[in-house]
Every structure is written in structure tokens, then in C-alpha cells.
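Descriptive structure summary
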Amino acid sequence: MRTQVIKPRIKEILSKELPPELVDLLPKRWVKIGDVLLLPLRKELEPYKYKIAEVYAQVIGAKAVLRKGHIKGETRKPDYEILYGSDTITVHIENGIKYKLDVAKIMFSPANVKERVRMAKVAKPHELVVDMFAGIGHLSLPIAVYGKAKVIAIEKDPYTFKFLVENIQLNKVEDRMMAYNMDNRDFPGENIADRILMGYVVRTHEFIPKALSIAKDEAIIHYHNTVPEKLMPKEPFETFLKIAKEHGYEAEKLNELKIKRYAPGVWHVVVDVRVYKK
Ligand SMILES: C[S@@+](CC[C@H](N)C(=O)[O-])C[C@H]1O[C@@H](n2cnc3c(N)ncnc32)[C@H](O)[C@@H]1O
């Protein structure tokens, strides 16, 4: 998804449009999701941003270019500025999975690719998996497609949910993957899941009690959260264990992976936890 070398053709064209000192500031990295480009642009390039976007789109081959910004709020929405084109809906193919999304409005982090790929191998066909923060099926489509497990995918945001439903059809897993457009705290299923995905950050610990009520007496939880480096490796498992014990569960850490640097001194981490009812 990442390209590290600026194409000589881009420099060649833009050298004719930009003052020489700005040519060196042109982005050397970008992300392409389907045929939409995410371009990080320094503020010195602001007066030329539309021209720059047009040239990158034409040389790299993209129908729209967005200026990379931040992902914010409860539903983790990006605040990207559209610099070129208008149609930001695309189908991104990764690991053989088709992800349809609106790149301007739904997050799709290139840094999470390893985790999306890892999910293809974790589940078995007899399992029932509940994805509490499904998004467009980022993590649960690989489970349904490759693991052949049954999946319940819960997504709160109606616009994101629309793509989740489309992706279930695009990937032909309607027979085993079902989507609910609701806040996972209102999900009625109890004691049903062999495996739970908690692909969320910052406040994931608030959802542990709900995850435990959805889990069978013994289950695996893929627990994501953001953790200050100075609290690692004790956290985030220590908090998980404390909350699990308060709710009558034991918890065993099976595995822990760093997904990406989330902010200076803060990591997005995933811990695979086996929980047992005491
Ligand atoms: C950051 S995205 C992550 C998607 C995917 N789990 C991943 O890790 O790549 C989190 C998704 O959870 C949804 N979400 C946030 N709070 C929720 C809740 N209480 N119930 C259901 N969905 C929720 C958001 O709308 C968003 O689509």
C-alpha cells in the first residue's frame, strides 16, 4: 500500500509549477486505497495543493486524492480534505478480500494490514465469532472468508454499516456472516461467542464487561487498546485482567503484538486473551 520513492515524472512536471525550494518538500510517501490516494501534504505546499494532487493522481493513477488528516471521535471518522476528484468510494483488494468503502469518511489504516491478514488464520469453521467494532468488516471479513467461521458483525455508524453489508455480499459470505447496525452495548446475545474481536482504541476497556457477557464460559478475545509506552508490557493486559476478575472471569494472556505507533509515546496494541468463567 505504501510507495516510498517519488516518481521522477511527478518531480519533472511539478518543477515547472512550483518554486524550486518547494519541490523537495513534495510527499515521498502516500497510501493508495483502491483507486483513491491519501497524500500527506506539508503546509508550505498549501497554495499549490490542487495542482499537486492533480499531478499525483495522473501519474500514479487515481480517481481522487485526499489530504491525509486525523482519525477522530467515537466512530473513528477521518477528517480528510478532498484535493482532486469527487468520487471517494472505491473497492480495495487486500489478501484476496474486497473492501468497499468511502475513503473520505471511513478509516482504513495501512498500518493495520498485518492484523487484518493475521485474522484470516485464527478461527476455525465451527466457531461463532462476534466483532464488536466491525467497521466495514476490516477484521471479520478475513475470518468469514478464510476461517469459514460464523460471524456476527456489529457496527454502530449507519453509513459504515451500509458498506459492511455490501462487503458481506461482495465477498460471498452471506451464508455465515450477519451484520447488526447497533451500539454493541445493546446487542442482546449472551454466552454465545467462541471468539470476540475488540478492534477499537482509546476506550476499549469500557467494553470489557459487555464482551464477557457475549463470550461463552471459555472464549478467546482479541483485545485492542492504546497504551502509553511506559506502562508496557504490563498494560493493557493488567486492566483487562482486573475487570475480568471483577466480573467472575479468569484471563490468560496468549500473545501480544504492537500494531502501530498511535501517538508520540503511545502504541496501539492487541492482546489475545483466553477467558474462563470462574
Ligand atoms: C476504528 S474502527 C475499527 C474497525 C476494525 N475493528 C479495525 O480494527 O480495523 C471502529 C469502528 O467501531 C465502530 N463503533 C464505535 N463504537 C461502537 C459501539 N459502541 N458499537 C458498535 N460499533 C462501534 C465505529 O463506528 C467504527 O466503525
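Residues numbered from 1 in each chain as written. Predicted model: local features only at pLDDT ≥ 70, side-chain atom pairs only at ≥ 80, totals over all residues. Heavy atoms only, no water.

The subject of this paragraph is a nonpolar patch on the surface. Taken together, Val91, Ile93 and Leu170 make up a surface patch of nonpolar side chains, about 230 Å² in accessible area. Assignment of secondary structure puts Val91 in strand β8 (residues 89-94). On the accessibility criterion, Val91 (37% relative accessible area) is partly exposed. (Patch = residues over 30% accessible without salt bridge, like charges linked within 9 Å, V, L, I, M, F, W, Y side chains within 5 Å. Areas by Shrake-Rupley, 256 points an atom, 1.4 Å probe, with all protein chains shown as cover. Salt bridge = Lys/Arg side-chain N within 4 Å of Asp/Glu carboxyl O. Helix = DSSP H or I, 4+ residues; strand = E, 2+ residues; numbered from the N terminus. Buried < 20%, exposed > 50% of the residue type's maximum accessible area, 1.4 Å probe, protein only.)

The terminal C-alpha atoms of helix α3 (residues 49-61), which comprises 13 residues, lie 17 Å apart, in line with the 18 Å expected from a rise of 1.5 Å per residue. For α3, the complete set of buried residues consists of Lys49, Ile52, Ala53, Val55, Tyr56, Ala57 and Ile60. On its buried side, α3 packs onto α1 (8-14), β2 (30-33), β3 (36-39), β4 (64-67) and β7 (81-84). (Expected span 1.5 Å × (residues − 1). Contact = heavy atoms within 4.5 Å.)

The next thing to look at is the site of the ligand. Close contacts around the ligand come from 20 residues, with Arg76, Phe133, Glu155, Asn184 and Gly199 the closest. Asp183 is positioned such that a nitrogen or oxygen atom in its side chain is 3.1 Å from a nitrogen atom of the ligand. Looking at the shell around the ligand residue by residue, the classes come out as 7 nonpolar, 6 polar and 7 charged. Viewed by domain, the shell around the ligand spans two of them, domain 1 (2-87) and domain 2 (109-277), each represented by three or more residues. (Near = heavy atom within 4 Å. Polar contact = N/O pair within 3.5 Å; in protein donor to acceptor, adjacent residues only side chain to side chain. Nonpolar A, V, L, I, M, F, W, Y, C, P; charged D, E, K, R; others polar. Domains from an automatic or database assignment.)

Let us now look at the environment of Leu231. With respect to the element layout, Leu231 can be found in the loop between β14 (215-228) and α8 (237-246). Since its relative accessible area comes to 41%, Leu231 is described here as partly exposed. The sequence separation of Leu231 and Arg67 amounts to 164 residues, and the corresponding C-alpha distance is 33 Å.

A few words now on the pairing of strand β13 (residues 193-198). Burial analysis of β13 places 6 of its 6 residues in the buried class, the great majority of the element. Pairing of strand β10 (residues 128-131) with β13 involves 3 bridges; the strand directions are parallel. Of the residues in β13, the one forming a bridge with Val129 is Arg195. Running through helix α7 (residues 208-214), the crossover from β13 to the neighbouring parallel element β14 is right-handed. (Pairing = 2+ DSSP bridges. Right-handed = clockwise from strand over helix to strand, strands pointing away.)

A separate point is the domain arrangement of the protein chain. One frequently used descriptor of interface size is the decrease in accessible area upon assembly of the parts. Domains assigned within the protein chain are domain 1 (2-87) and domain 2 (109-277). Distance between the C-alpha centres of domain 1 and domain 2: 32 Å. On the domain 2 side, the residues contacting the 6 residues of domain 1 number 9 residues. When domain 1 packs against domain 2, close to 650 Å² is buried across both sides, 50% of that on carbon and sulfur atoms. At the junction of domain 1 and domain 2, the tally comes to 0 salt bridges. If you look at where domain 1 meets domain 2, you find 0 residue pairs in polar contact (both at pLDDT 80 or more). The residue inventory of the side of domain 1 that touches domain 2, partitioned by class, reads 1 nonpolar, 1 polar and 4 charged. (Buried area = accessible area lost by both parts, 1.4 Å probe.)

Here the focus is the packing of aromatic side chains. Evaluation of the coordinates by the stated rule reveals 8 aromatic pairs. A ring pair is formed by Tyr180 and Phe187, whose centres lie 5.4 Å apart and whose planes are at 80 degrees; its orientation type is edge-to-face. Tyr180 gets classed as partly exposed once you look at its relative accessible area, which sits at 27%. Phe187 gets classed as buried once you look at its relative accessible area, which sits at 4%. One cation-aromatic arrangement involves Lys162 over Phe163; the distance from NZ or CZ to the ring centre is 4.8 Å. Positioned above the aromatic ring of Trp267 is the side chain of Lys258, whose terminal nitrogen or guanidinium carbon lies 4.4 Å from the ring centre. (Phe/Tyr/Trp six-rings, centres within 6.5 Å; stacked < 30°, edge-to-face > 60°. Lys NZ or Arg CZ within 6 Å of the ring centre and 35° of its normal.)

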